[in-house]
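So the chains spell out like this:
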Amino acid sequence: PRVISCSWGYHLPNVMTLPAALVPLRLRILSVVAAGVTVVFSGGNGQVGFPGMMPEVISVGGVYADQNAALRASNYASSFISLIYPGRRVPDFCGLVGMQPRATYIMLPLQRGCQIDVDLGGGPQPNKDETSVNDAWSVISGTSAAAPQVAGICALLLQKRSTLTPSQVKAILRGTATDVT
């Protein structure tokens, strides 16, 4: 693969040193990036996410676009400065994410009959998502949905210029992204 998208992580609030149990994971991610793979991680939905805080990965947060296409940072997605990697600000970039309390925003497919499908289907917003129970669809979002959006952009960049390194991909995104605070 040239791009790996990961929508998971470990919540490490107030942690200043990476726990020993996570060092092998860190080393594996570093080896993958060194091999030329662009690694994208969700930054978290209120969490202090690792590996999303690693400087070598692209960490994805959330931006909300209202009905007039005005952009603002999602209050559902994480934003933090890492204590483990001093000066590392998360996220690097954002995908589309809704606002609190549930980040209801994007119609997404999921496994028919899964817990989200059953729990959120069958009623009106804000408590339900206006889809049917057990229909394999839900109106949700979060950085787990935003990370694949950014990974797709990375893949398109690599399709156009296959020789780009992960740091070059990140630099291109940084040079073309719109700042949102």
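Please read these numbers as outputs of a predicted model, since none were measured by experiment. (Residues numbered from 1 in each chain as written. Predicted model: local features only at pLDDT ≥ 70, side-chain atom pairs only at ≥ 80, totals over all residues. Heavy atoms only, no water.)

**Q** Tell me about the pattern of salt bridges, and name the residues and values.
**A** Per the counting criterion, the structure on display carries three salt bridges. For the salt bridge of Asp92 with Lys170, the shortest nitrogen-to-oxygen distance reads 3.6 Å. Of this pair, Asp92 sits in the loop between strand E8 (89-90) and strand E9 (93-96) while Lys170 sits in helix H4 (residues 166-176), placing them 78 residues apart in sequence. Here the two residues Asp92 and Lys170 agree in accessibility, since each one is buried. Salt bridges linked by common partners bring Arg88, Asp92, Lys170 and Arg174 together as one network. (Salt bridge = Lys/Arg side-chain N within 4 Å of Asp/Glu carboxyl O. Helix = DSSP H or I, 4+ residues; strand = E, 2+ residues; numbered from the N terminus. Buried < 20%, exposed > 50% of the residue type's maximum accessible area, 1.4 Å probe, protein only.)

**Q** Residues and numbers for the layout of surface pockets, please.
**A** By volume, the largest pocket amounts to about 690 Å³. Together, 26 residues line the largest pocket, and Asp92, Phe93, Cys94, Thr178 and Val180 are the ones closest to its centre. When residues of the lining of the largest pocket are traced back to their parent elements, those giving at least two are strand E5 (58-65), strand E6 (71-73), E8, E9, helix H3 (143-160) and H4. The residue makeup of the lining of the largest pocket, split by class, is 13 nonpolar, nine polar and four charged. (1 Å grid on protein atoms, 1.4 Å probe; cavity = no way out; pocket = protein on both sides within 12 Å on 5 of 7 lines; lining within 4 Å. Points joined across faces, edges and corners; volume = space filled by probe spheres on them. Nonpolar A, V, L, I, M, F, W, Y, C, P; charged D, E, K, R; others polar.)

**Q** Requested: an account of the nonpolar core, with residues and values cited.
**A** With 18 residues, the main nonpolar core has Leu18, Val39, Phe50, Met53 and Tyr85 as its most contacted residues. Of all the secondary structure elements, the ones that give two or more residues to this core are helix H1 (23-34) and strand E3 (38-42). Discounting residues that sit within four places of it in the chain, Phe50 has contacts with Gly9, Tyr10, Leu12, Leu18, Leu22, Leu25, Arg26 and Tyr85. Listed in part, the 15 residues of the second largest apolar core include Val60, Phe93, Val97 and Leu164. (Core = buried A, V, L, I, M, F, W, Y, C linked by side-chain atoms within 4.5 Å. Contact = heavy atoms within 4.5 Å.)

Worth remembering: the numbers are spatial, not functional.
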